[in-house]
Amino acid sequence: ERKEFVISFHGTEDLSDLYSDGFLIQKSAQVIGLNSYEVDEEELDKPTKTPKVHTKVHGGFLAVYLSVKEKLYKLIEEELSEHELSYKDVTFYLTGHSLGAAVASVAAADLHHTYSFEKQLKEEELQIDEGSESTSYQYISFNQEVKPPTIRLITMASPRVFNSLAAKEFDE
C-alpha cells in the first residue's frame with residue numbers, strides 16, 4: 001500500500017519573508033540537482049563572454065529552502081523509519097502559496113535529485129602530501145541511479161523560481 005507524505009510551506013508572513021521574496025540575485029541550481037547548461041549560440045563568437053547558460057534559482061527562495069532542508073530530511077527519514085518504508089513506497093505532495101509555492105518547487109527539485117541516487121557509505125584512505133601520515137575518512141556517494149520518488153507539486157500563486165534553463169530541466 002502506497003503512503004502519502006504532505007509537505008506544506010507557508011507563504012510570506014513577516015519581514016524576513018519579505019526580504020527573501022526580494023532577494024532577486026540568482027544562484028546556481030546545482031545545489032538542488034539541476035545541473036544542465038547549454039551553449040548560447042550568440043555568445044560563441046565573442047571571446048570575452050562565457051558561451052554557457054547555467055541553471056539558476058531565485059536566491060531568496062533557495063536560502064529559505066536551505067534553512068529548513070536538514071530538518072525536512074530528518075523528518076522524512078524518521079517517518080520512513082518509523083513506518084518501515086522506503087521513499088519508493090511514498091508519494092510526496094509538496095504544496096504552498098506564494099513564497100511557500102516557490103520553496104515547495106525548490107524542495108521538489110531537491111527531493112527528486114536526492115532520492116534518485118542510491119546512497120552508499122564508503123570508507124577511503126586519503127594520503128596527506130606532507131609526510132607519511134594517512135587519514136581515514138568516510139563519505140556518502142551517490143553513484144547508483146535508481147527510480148526517482150513520486151513527487152506531486154501543487155502550488156498557488158507561485159512567483160518565478162528558476163531561469164528558463166532550470167525550469168526546462170525541472171519540467172523534465
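Within every chain, residues take consecutive numbers counted from 1 along the sequence as written. Two thresholds apply to this predicted model, a pLDDT of at least 70 for residue-level local features and 80 or more for giving and counting side-chain atom pairs, whereas whole-chain, interface and lining totals are computed over all residues. Excluding hydrogens and water, the side-chain figures rest on all heavy atoms present in the structure.

## Remarks on the pattern of salt bridges
Definition used for salt bridges: Asp or Glu carboxyl oxygen within 4 Å of a side-chain nitrogen of Lys or Arg. Throughout the structure, instances matching the rule amount to one salt bridge. Residues K69 and D110 are paired through a salt bridge, measuring 3.4 Å at the closest nitrogen-oxygen approach. Of this pair, K69 sits in helix α2 (residues 59-82) while D110 sits in helix α3 (residues 99-114), placing them 41 residues apart in sequence. Three labels apply to residues, based on accessible area from a 1.4 Å probe with only protein chains included: buried if under 20% of the type maximum, exposed if over 50%, partly exposed otherwise in between. On the basis of relative accessibility, which here comes to 23%, the residue K69 falls in the partly exposed class. Relative accessible area serves as the criterion here: at 1%, D110 is assigned to the buried category. Going along the chain from the N terminus, every DSSP run of H or I of four or more residues is numbered as a helix, and every run of E of two or more is numbered as a strand.

## Side note on the environment of L66
Within the fold, L66 resides in helix α2. C-alpha of L66 to C-alpha of V106: the two residues are 40 residues apart in sequence and 9.3 Å apart in space.

## With respect to the confidence of the model for the protein
Values of pLDDT, ranging from 0 to 100, describe the predictor's confidence in every residue of the model. The predicted model of the protein has a mean per-residue pLDDT of 81, with 72% of residues at 70 or higher. Considering each helix and strand of the protein separately, the mean pLDDT is smallest for strand β7 (residues 117-127), with a value of 47, and largest for strand β6 (residues 90-97), with 97. Throughout, a contact is declared for two residues whenever any of their heavy atoms are within 4.5 Å. Per-residue pLDDT stays below 50 along residues 120-140; that stretch engages in 33 contacts with residues further than four places along the chain or on separate chains.

## Quick look at the packing of α2 against α3
Axis definition: a line fitted to C-alpha atoms, over the contacting stretch in the case of helices. Angles run 0 to 180 degrees between N-to-C directions. Put simply, α2 and α3 touch, their axes get as near as 10 Å, and they point 55 degrees apart. Between α2 and α3, the angle is such that the two are oblique. By crossing handedness, the relation of α2 to α3 is classed as right-handed. Contacts between α2 and α3 involve F61, L62, V64, Y65, K69, Y73 and I76 from the first element and L99, A102, V103, V106, A107, D110, L111 and T114 from the second. Gly falls in the polar group here, along with every residue not listed as nonpolar (Ala, Val, Leu, Ile, Met, Phe, Trp, Tyr, Cys, Pro) or charged (Asp, Glu, Lys, Arg). Here the contact of α2 with α3 is composed, by residue class, of twelve nonpolar, one polar and two charged. Between 65 and 115 degrees an angle is taken as roughly perpendicular, under 35 as roughly parallel, over 145 as roughly antiparallel, and anywhere else as oblique. For a crossing to be left-handed, the near helix must be turned anticlockwise from the far one by less than a right angle; the clockwise case is right-handed.

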